[in-house]
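Geometric and topological summary
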Amino acid sequence: MNAALDRPSFVELGARERAAAVLDPGSLRELLGPFDRLTSPWLPRQGIVPQADDGVVVARGTLGGRAAVVLSIEGAFQGGSIGEVSGAKIAGALELALRDCEAGRPVRPVLLLETGGVRLQEANLGLAAIAEIQSAVVALRRHVPVVAVVAGMVGCFGGMSLVAALCSHLVMTRQGRLGMNGPEVIEQEAGLEELDAGDRRLIWSLIGGEQRWATGLADALVDDDADQVRDAVLGAFDAPDAAWPRSAQVDVYRLRIEQAAAMSELDGPALRALWPRET
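Residues numbered from 1 in each chain as written. Predicted model: local features only at pLDDT ≥ 70, side-chain atom pairs only at ≥ 80, totals over all residues. Heavy atoms only, no water.

Here we take up the pairing of strand S3 (residues 66-73). Taking burial as the measure, the eight residues of S3 include six buried ones, the bulk of the element. Pairing between strand S2 (residues 56-63) and S3: eight bridges, direction antiparallel. Considered in S3, the bridge of Ala59 is made with Val70. Between S2 and the antiparallel strand that follows it, S3, lie two residues; Gly64 among them carries a positive phi value of about 65°. Of the pairings in the sheet, the one linking S3 to strand S4 (residues 108-113) comprises five bridges and is parallel in character. Following the sheet pairing, Val70 is matched in S4 by Val110. (Buried < 20%, exposed > 50% of the residue type's maximum accessible area, 1.4 Å probe, protein only. Helix = DSSP H or I, 4+ residues; strand = E, 2+ residues; numbered from the N terminus. Pairing = 2+ DSSP bridges.)

Written out as structure tokens, the structure reads:
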């Protein structure tokens, strides 16, 4: 039997199942779930059927026996985009975790990111929510590591890619993608000559999980295996104090930008040579 077929896939799980796969078995307790009917007030006005949880699952439970909160985005609903309600759910849950940490009750925060960024139909409301999420992540990581996972085919783009970059520890699968702008957006705005969004090999060689890990922009690379994802998340919390967050390493990344700007052409191998992963 092929070992890959025996693995419990993480990518194929929905948001609720992903949260359950990360938390200790039987510990999940959902907050503001679908029966609370907290839906977007804006989507129906544009002829879009809303989802009862607005595409975000907020789960409390335990992780490695410690209190935890998992924020899991459903990539199958509106491309995992963040609007007023879904963003408020994430920001509010992180702010409650911050309050617990400040009171001496540490909570392990985990973000399962499957998102194209802000929901265009909700524009500034979604952008404001993402800013609140970013602020909460920065405040929380002073108390506990904030761990993010980018695993699925939607990837993590737009303002939520900045959320991923602000986290203390980032776990990716090879299937995951991470970037400020998605390939389709770049092709639409800059043309096919700039980027062919249909060239899967090219896209994953530039922004895929393995490439992001090889160039030091992700901290762990795992197979599409729910057990491996959980182990990597647990390892991030159980490891010694994390290195200085990437977002605080201004000089390092300014130098990276200058190095890249000096090159006439950039591709996957060139980026790996330019920014080799530290061992």
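What follows picks up the thread again.
The end-to-end C-alpha separation of helix H3 (residues 84-102) is 26 Å, in line with the 27 Å expected for 19 residues at 1.5 Å each. Among the residues making up H3, those that are buried are Val85, Ser86, Gly87, Lys89, Ile90, Ala91, Ala93, Leu94, Ala97, Leu98, Asp100 and Cys101. Contacts made by the buried residues of H3 are with S2, S3, S4 and helix H4 (123-140). A positive phi of about 85° marks Gly104, the residue just after H3. (Expected span 1.5 Å × (residues − 1). Contact = heavy atoms within 4.5 Å.)

This part takes up the packing of H4 against helix H5 (residues 159-166). Two numbers describe how H4 lies on H5: the axes approach to 9 Å, and their chain directions differ by 0°. Regarding the angle of H4 to H5, the classification is roughly parallel. In contact with Ile130, Ile133, Gln134, Val137 and Val138 of H4, H5 contributes Gly159, Met160, Leu162, Val163 and Leu166. (Axes fitted to C-alpha atoms, helices over the stretch in contact; angles between N-to-C directions. Parallel < 35°, antiparallel > 145°, perpendicular 65-115°, else oblique.)

One pass over the structure, following the stated rule, counts 14 salt bridges. A salt bridge links Arg230 to Asp24; the shortest N-O distance between them is 2.9 Å. Separated by 206 residues along the polypeptide, Arg230 in helix H9 (residues 226-238) and Asp24 in the loop between helix H2 (15-22) and strand S1 (29-31) bring together distant segments of the chain. By relative accessible area, Arg230 is classed as buried at 18%. Taken together, the salt bridges that share partners define one network made up of Arg7, Arg174, Glu210 and Asp223. (Salt bridge = Lys/Arg side-chain N within 4 Å of Asp/Glu carboxyl O.)

Looking now at the pairing of strand S5 (residues 147-150). For a regular strand, the rule is simple: side chains alternate between the two faces of the sheet. Burial of the side chains of S5 extends over both faces: Val147 and Val149 are buried on one face and Ala148 and Val150 on the other. As paired strands, S4 and S5 are joined by four bridges and run parallel to one another. When the sheet's bridge partners are listed, Leu113 is paired in S5 with Val150. Following the backbone out of S4, through H4 and into the adjacent parallel S5, one traces a crossover that is right-handed. In terms of strand pairing, S5 meets strand S6 (residues 169-173) through four bridges, oriented parallel. Note on S6: the bridge partner recorded for Val149 is Val171. For the crossover from S5 across H5 to S6, the handedness is right-handed. (Right-handed = clockwise from strand over helix to strand, strands pointing away.)

Here we take up the side chain of Ser72. Summarising the element assignment, Ser72 is placed in strand S3. In this structure the side chain of Ser72 is engaged in a polar contact, spanning 2.8 Å, whose partner is the backbone oxygen of Ala15. Dropping the residues within four chain positions of it, Ser72 is found in contact with Ala15, Arg18, Ala19, Gly55, Val56, Val57 and Leu112. (Polar contact = N/O pair within 3.5 Å; in protein donor to acceptor, adjacent residues only side chain to side chain.)

Moving on: the sheet that holds S6. In space, the seven strands of this open sheet follow the order S1-S2-S3-S4-S5-S6-S7, with mixed pairing throughout. At either margin of the open sheet sits one strand with a lone partner, and together these are S1 and strand S7 (220-222). In this sheet, neighbouring strand axes are inclined to one another by 25° on average, regardless of whether the strands run parallel or antiparallel. In the packing of H9 onto the sheet, the strands contacted are S2, S4, S5, S6 and S7, and the crossing angle to S4 comes to about 140°.

In this structure, Ile90, Leu113 and Met160 are the most contacted members of the largest nonpolar core, which totals 36 residues. Every element with two or more residues in this core is listed here: S2, S3, H3, S4, H4, S5, H5 and S6. At seven residues, the largest contribution of residues to this core is made by H3. Core analysis: the second largest hydrophobic core is formed by 24 residues, Ala59, Val171, Val233 and Phe237 among them. (Core = buried A, V, L, I, M, F, W, Y, C linked by side-chain atoms within 4.5 Å.)

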